Amino acid sequence: MAPRWLVVLGFSAIMAACATTEVDPTEGWSAEQLYAAAQDEIKTGRYADAVGYLQKLEARYPFGTLAQQAQIDTAYAHYKDDERALALLAIDRFIRMHPKHPKLDYLYYLRGLVNFNERNSILSFLGDQDLSERDLEAARESFDSFKTLINRYPESKYVSDARLRMQYLVNSMAAGQVTIAKFYFDRGAHVAAANRAQEVVREYQKAPAVEDALAIMVRSYEALGLTELRDGALAVLNLNFPDSDALERTMLRDDRRWWQVWR
């Protein structure tokens, strides 16, 4: 009869083997079955589960007709699951591996969407206190992706929506730059405020935020004692926005006299 300790060890080994051996219910599935299961998960919003099926499809059938579509759908599922970094990695990987694929227009469009909806981008940071250039990065990347789509695939069905989003991004980026300029001005960094506002006027000429940017330039130059630059910015403000109250609503009460006399 075997010693008790040998019996215990043998039983433990059996239990460990059972615990580590998991049966994959998708074993033996065809590419079509895996793809159909992934689509079902996407439709019901279980994006992480969908990615699991798609990755199995790509691993088991790397040269099949559905492998490339699985890569595209993986990027989409990551995007819908708010996995921005994973979505961008999947998109860039696909573009690098398939530079002539007929669906590249969609990949550039999707890349634009991923950054467009980035929660830490310019589209949501306007109320923050600690503003920096990094807050505008996602918006710029989104804009560049949509621009690439339009330039390379002008006949794409995604172009119309991309143009609308680009205009929104321009207005948002301009507003973000103005917010940063105000942040600098409120803290007495008048040179930085004037430079940032000037950048808005130069790069986003048709954006609504230009009006406030000019007002910040006027106030910053006044604070710096640069009367010639102040008067020039004020002249541009009056010319382009004759009924503007941007300067007046952002002025300190003690500042109003010189502006009213000059006007």
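Keep in mind it's a predicted model, so treat the numbers as computed, not measured.

Some thoughts on the overall build of the chain
Tallying secondary structure elements over the chain gives 13 helices and zero strands in all. Scanning the chain from its N terminus toward the C terminus, one meets helices and strands in the order α-α-α-α-α-α-α-α-α-α-α-α-α. Within the chain, the proportion of its 263 residues that are buried is 43%. A sequence separation of at least 24 residues applies to 57% of the contacts in the chain between residues at least 6 apart. With an accessible surface of roughly 15,500 Å², the chain has 54% of that area assigned to carbon and sulfur atoms.

Examining the environment of Tyr 76
Examined against the element boundaries, Tyr 76 turns out to sit in helix α4 (residues 67–80). Overall, Tyr 76 belongs to the partly exposed group, its relative accessible area being 27%. When the C-alpha atoms of Tyr 76 and Arg 111 are compared, they prove to be 9.5 Å apart, with 35 residues separating the residues in sequence.

What to know about the packing of aromatic side chains
Across all of its chains, the model carries eight aromatic pairs by this definition. Consider the rings of Tyr 109 and Tyr 158, whose centres lie 4.7 Å apart with planes at 20°: the pair is stacked. Here Tyr 158 lies in the loop between α7 (137–152) and α8 (159–186) and Tyr 109 lies in helix α6 (residues 104–116), a separation of 49 residues in the sequence. We classify Tyr 158 as buried; its relative accessible area is 19%. Here Phe 116 and Tyr 168 contribute two aromatic rings whose centre-to-centre distance is 5.7 Å and whose plane-to-plane angle is 50°, an arrangement assigned as tilted. Pair noted here: Phe 116 is in helix α6 and Tyr 168 is in helix α8, with a separation of 52 residues, a long-range link. One aromatic cluster is present, formed by Tyr 106, Tyr 109, Phe 146 and Tyr 158 through successive ring pairs. Lying over the aromatic face of Phe 116, Arg 165 brings its terminal NZ or CZ to 4.8 Å of the ring centre. If you follow Arg 187 out to its NZ or CZ, it ends over the ring of Phe 183, 3.8 Å from the centre.

Overview of the pattern of salt bridges
If you walk through the whole model with that rule in mind, you get nine salt bridges. One salt bridge in this structure joins Lys 56 and Asp 24, with 3.3 Å as the shortest N-O distance. Residue Lys 56 is found in helix α3 (residues 47–60), and its partner Asp 24 is found in the loop between α1 (4–20) and α2 (31–43); the two are separated by 32 residues along the sequence. Lys 56 sits in the partly exposed class, given a relative accessible area of 29%. With a shortest N-O distance of 2.8 Å, Asp 231 and Arg 230 are connected by a salt bridge. With relative accessibility at 11%, the residue Arg 230 sits in the buried group.

About the criteria used
Residues numbered from 1 in each chain as written. Predicted model: local features only at pLDDT ≥ 70, side-chain atom pairs only at ≥ 80, totals over all residues. Heavy atoms only, no water. Helix = DSSP H or I, 4+ residues; strand = E, 2+ residues; numbered from the N terminus. Buried < 20%, exposed > 50% of the residue type's maximum accessible area, 1.4 Å probe, protein only. Contact = heavy atoms within 4.5 Å. Areas by Shrake-Rupley, 256 points an atom, 1.4 Å probe, with all protein chains shown as cover. Phe/Tyr/Trp six-rings, centres within 6.5 Å; stacked < 30°, edge-to-face > 60°. Lys NZ or Arg CZ within 6 Å of the ring centre and 35° of its normal. Salt bridge = Lys/Arg side-chain N within 4 Å of Asp/Glu carboxyl O.

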